[in-house]
Amino acid sequence: MSKNKNIGLYFGSFNPIHIGHLIIANYIQQYTDLDEIWFVVSPQNPFKEKKSLLADHHRLELIRLCLENHDNIKVTDIEFKLPVPSYTIDTLVYLEDKYPSHNFVLICGADNIQSFHKWKNYKEILNNYKVYVYKRPGYTTYGELENHPSVKLFDAPQMEISASFIREGIKSGKDMSFFLHDKVLKYINEMHFYKK
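Residues numbered from 1 in each chain as written. Predicted model: local features only at pLDDT ≥ 70, side-chain atom pairs only at ≥ 80, totals over all residues. Heavy atoms only, no water.

1. Thoughts on the overall build of the protein chain
Within the protein chain one finds 7 helices and 6 strands. Counted from the first residue to the last, the protein chain has its helices and strands arranged as β-α-β-α-β-α-β-α-α-β-β-α-α. Taken over C-alpha atoms, the radius of gyration comes to 17 Å for the protein chain, in line with the 16 Å a tight globule of 196 residues would show. Taken along the three principal axes of its C-alpha coordinates, the protein chain extends 50 × 35 × 35 Å. (Helix = DSSP H or I, 4+ residues; strand = E, 2+ residues; numbered from the N terminus. Rg over C-alpha atoms; globule rule 2.2 N^0.38 Å.)

2. A few points about the packing of aromatic side chains
As enumerated under the stated definition, the model contains 14 aromatic pairs in all. Taken together, a centroid distance of 6.5 Å and an interplanar angle of 90 degrees make the contact between Phe116 and Tyr122 edge-to-face. Here Phe116 and Tyr122 have matching classes, each one buried. Aromatic rings pair up to connect Tyr10, Phe14, Phe39 and Tyr134 into one cluster. (Phe/Tyr/Trp six-rings, centres within 6.5 Å; stacked < 30°, edge-to-face > 60°. Buried < 20%, exposed > 50% of the residue type's maximum accessible area, 1.4 Å probe, protein only.)

3. Brief notes about the pairing of strand 5 (residues 130–134)
Strand 5 sits mainly inside the fold: 4 of its 5 residues count as buried. Of the pairings in the sheet, the one linking strand 4 (residues 102–109) to strand 5 comprises 5 bridges and is parallel in character. Across the sheet, Leu106 pairs through a bridge with Val131, a residue of strand 5. Both strand 5 and strand 6 (residues 151–154) contribute to a ladder of 4 bridges, which runs parallel. What sits directly across from Val131, in strand 6, is Val151. (Pairing = 2+ DSSP bridges.)

4. Some points on helix 2 (residues 56–66)
Taken together, the buried positions of helix 2 are His58, Arg59, Leu60, Leu62, Ile63, Leu65 and Cys66. Looking at the buried positions of helix 2, the neighbouring elements they touch are helix 1 (19–31), strand 2 (36–41), strand 3 (73–76) and helix 7 (182–191). (Contact = heavy atoms within 4.5 Å.)

5. Details of helix 6 (residues 163–171)
Listed in full, the buried residues belonging to helix 6 are Ala163, Ile166, Arg167, Gly169 and Ile170. For helix 6, the buried positions fall inside an angular range of 160 degrees around the axis, keeping them on one side. For helix 6, the elements touching its buried residues are helix 7. Residue Gly173 follows helix 6 closely and has a positive phi angle near 80 degrees. (Arc of directions from axis to C-beta.)

6. Focus on the sheet that holds strand 6
Within the open sheet, the 6 strands sit side by side as 3-2-1-4-5-6. Their pairing is parallel. What marks the edges here is a single partner per strand, and that holds for strand 3 and strand 6. Averaged over all pairs of adjacent strands, the angle between their axes in this sheet comes to 30 degrees, without regard to strand direction. Those strands touched by helix 1 are strand 1 (5–12), strand 2, strand 3, strand 4, strand 5 and strand 6, and its axis lies near 145 degrees from that of strand 2. (Axes fitted to C-alpha atoms, helices over the stretch in contact; angles between N-to-C directions.)

7. Comments concerning the packing of helix 2 against helix 7
Closest axis-to-axis distance for the helix 2/helix 7 pair is 8 Å, and the angle between their directions is 145 degrees. Packed against helix 2, whose contacting residues are His58, Glu61, Leu62, Leu65 and Cys66, the element helix 7 presents Lys183, Val184, Tyr187, Ile188 and Met191 at the interface. For the contact of helix 2 with helix 7, a count of residues per class yields 7 nonpolar, 1 polar and 2 charged. (Nonpolar A, V, L, I, M, F, W, Y, C, P; charged D, E, K, R; others polar.)

8. Some points on the side chain of Thr76
Looking at where Thr76 falls in the secondary structure, it is placed in strand 3. Given the relative accessible area of 13%, Thr76 is considered buried. A polar contact is formed between the side chain of Thr76 and the backbone nitrogen of Ile78, at a distance of 3.1 Å. With sequence-adjacent residues up to four places away left out, Thr76 is seen in contact with Trp38, Phe39, Val40, Val41 and Leu60. (Polar contact = N/O pair within 3.5 Å; in protein donor to acceptor, adjacent residues only side chain to side chain.)

Given below as structure tokens:
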């Protein structure tokens, strides 16, 4: 059976999703062979207390809000249905089974590829999937996997924006309107998220 679509999987906590995430997703979708990008929202680890981490459904909703008019970039709650802690290889295997006509590609930043060898069954991932790596500020080398045949490097726009920067800005009363999608900012303000 031939694969119908190339789907890029962009994993993260997205706490909250910001324009940096959206720009990376848009760039990778537009400038590669990927038909779609799926944001894969990682669930909260029940063994770790993270007061600043919004509940799973809120982080999912924030992404849904800013992708309402985008057919090629979507969000999935697939990891909410899988055992915790969630491992990338388990999610990939589950998606392959659920969507046999899709070809899945992993998207990650240069910071993640350097520690990729610590991931569960990382060799299996590299043997069965492509990994598209986007550059990150401060990372000039990509470690031992830089020349691996499954790894492709991309010069996506680099921005030093982090979710922790956004959260701190909101907490200290800064105007974050240029860093967040309008609907995301409205939802965050209405729900009084990250204020404390």
